[in-house]
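Reading the structure
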Amino acid sequence: MFRDIDRVLIDREAIAEKVRALGAEIAADIQRAIERHRDPDDAQVVLIPILTGALVFTADLIRQMPVMLSLRVVAVSSYPGKSMASKGAKIAGELPTDLRGKHVIVVDDILDTGQTLAVVKKLIQEQAPASVRICVLLRKPESARKEHVEADYVGFDIPDEFVVGYGLDYDGFYRNYPQIAVLRPMVGSAVTEAGS
Ligand code: XMP
């Protein structure tokens, strides 16, 4: 069915456990931030998943967060480059423009080169939100980074390998594979040019 999977890096139980812990941690931090507001009833929390990769993670994460929040999705596309190394990120569609004074949580599947989150974070910070937090399920090593971006919440640190599953794709496929996995080497090597 998922014929090019080589090995599972993170299984579904480990993901579920981590998502529960992340949800509880973020919710507790947000709750504390809300209580510090002059009028806590005025505090607003906006969670921004970056599509499409963060879709599956976000669906599970928000159900582990017992806080009042609204969801505003953002789509980011890679702009062309001869290889993955020369690609960049641009917002494909509208970023919310009413984030002033709000607590923003950006959710992405993976922090790799950092280009996606750097673009999104800058555009959010320009709007003077009350706070911006970044949550990623996966983080590749610092050596993969082209932009300096820190994630406030990280599910798993993984090696610098192309991974699929739980929302992450290869050529549009494998997003529905329920675990984080590495593709067979022949397929994996094509990724260097194909991107996701
Ligand atoms: P960066 O941090 O490089 O990440 O801007 C941008 C987006 O690239 C995708 N990405 C991956 N997708 N396996 C994937 O399926 C990977 O190993 C991988 N690394 C980066 C992902 O959508 C991320 O949001």
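In this text, all values refer to a predicted model and were calculated from it rather than measured experimentally. (Residues numbered from 1 in each chain as written. Predicted model: local features only at pLDDT ≥ 70, side-chain atom pairs only at ≥ 80, totals over all residues. Heavy atoms only, no water.)

Examining the overall build of the protein chain
Regarding its fold elements, the protein chain presents 4 helices and 10 strands. For the protein chain, the spread of C-alpha atoms along the three principal axes comes to 55 × 35 × 25 Å. The buried share among the 196 residues of the protein chain stands at 46%. Taking the contacts inside the protein chain whose residues are at least 6 apart along the sequence as the reference set, 67% of them involve residues at least 24 apart. With the model as given, the accessible surface of the protein chain reaches about 10200 Å², and the carbon-plus-sulfur share is 51%. The positive charge centre, built from 24 side chains, and the negative charge centre, built from 28, are 3 Å apart in the protein chain. (Helix = DSSP H or I, 4+ residues; strand = E, 2+ residues; numbered from the N terminus. Buried < 20%, exposed > 50% of the residue type's maximum accessible area, 1.4 Å probe, protein only. Contact = heavy atoms within 4.5 Å. Areas by Shrake-Rupley, 256 points an atom, 1.4 Å probe, with all protein chains shown as cover. Lys, Arg positive; Asp, Glu negative; His and termini not counted. Charge placed at Lys NZ, Arg CZ, Asp CG, Glu CD.)

Digging into the layout of surface pockets
Of the volumes computed, that of the second largest pocket is approximately 180 Å³. As for the second largest pocket, its lining consists of Met1, Phe2, Arg3, Asp4, Tyr170, Asp171, Phe173, Tyr174 and Asn176. Residues belonging to the lining of the second largest pocket are distributed by class as follows: 5 nonpolar, 1 polar and 3 charged. (1 Å grid on protein atoms, 1.4 Å probe; cavity = no way out; pocket = protein on both sides within 12 Å on 5 of 7 lines; lining within 4 Å. Points joined across faces, edges and corners; volume = space filled by probe spheres on them. Nonpolar A, V, L, I, M, F, W, Y, C, P; charged D, E, K, R; others polar.)

Describing the nonpolar core
General note: in soluble globular proteins, nonpolar side chains tend to be found buried as a group. Grouped together as the largest cluster of nonpolar side chains are 30 residues, with contacts concentrated most on Phe57, Leu61, Leu138 and Ile180. Contributing elements (two or more residues each) for this core: helix H1 (12-35), strand E2 (45-51), helix H2 (55-62), strand E6 (103-111), strand E7 (131-139), strand E8 (153-157) and strand E10 (180-183). Per-element accounting of this core gives the leading share, 7 residues, to H1. If we ignore the near neighbours within four places in the chain, the residues touching Phe57 are Val19, Leu22, Val107, Asp108, Cys135, Val136, Leu137 and Tyr166. In terms of nonpolar packing, the next biggest core, distinct from the first, is built from 21 residues, Ile48, Val104, Leu111 and Ala151 among them. (Core = buried A, V, L, I, M, F, W, Y, C linked by side-chain atoms within 4.5 Å.)

Focus on the packing of H1 against H2
Two numbers describe how H1 lies on H2: the axes approach to 9 Å, and their chain directions differ by 60°. In the crossing of H1 with H2, the sense of the turn from one axis to the other is right-handed. Of the residues in H2, those touching H1 at Val19, Leu22, Gly23 and Ile26 are Phe57, Asp60 and Leu61. Among the residues forming the contact of H1 with H2, the class breakdown is 5 nonpolar, 1 polar and 1 charged. (Axes fitted to C-alpha atoms, helices over the stretch in contact; angles between N-to-C directions. Left-handed = near helix turned anticlockwise from the far one by under 90°.)

Overview of the pattern of salt bridges
The tally for this structure, following the rule as stated, stands at 12 salt bridges. Residues Asp60 and Arg63 are paired through a salt bridge, measuring 2.9 Å at the closest nitrogen-oxygen approach. A relative accessible area of 28% means that Asp60 is categorised as partly exposed. The partner of Arg139 in a salt bridge is Asp157, and the shortest N-O contact between them spans 2.6 Å. Placement of Arg139 in strand E7 and of Asp157 in strand E8 is noted, with a sequence separation of 18 residues between them. What you see here is one network of salt bridges that share partners, running through Asp6, Arg7 and Glu161. (Salt bridge = Lys/Arg side-chain N within 4 Å of Asp/Glu carboxyl O.)

Quick look at the environment of Leu138
Note on placement: Leu138 falls in strand E7. The class for Leu138 is buried, based on a relative accessible area of 0%. As for Leu138 and Asp112, which are separated by 26 residues in sequence, their C-alpha atoms are 8.4 Å apart.

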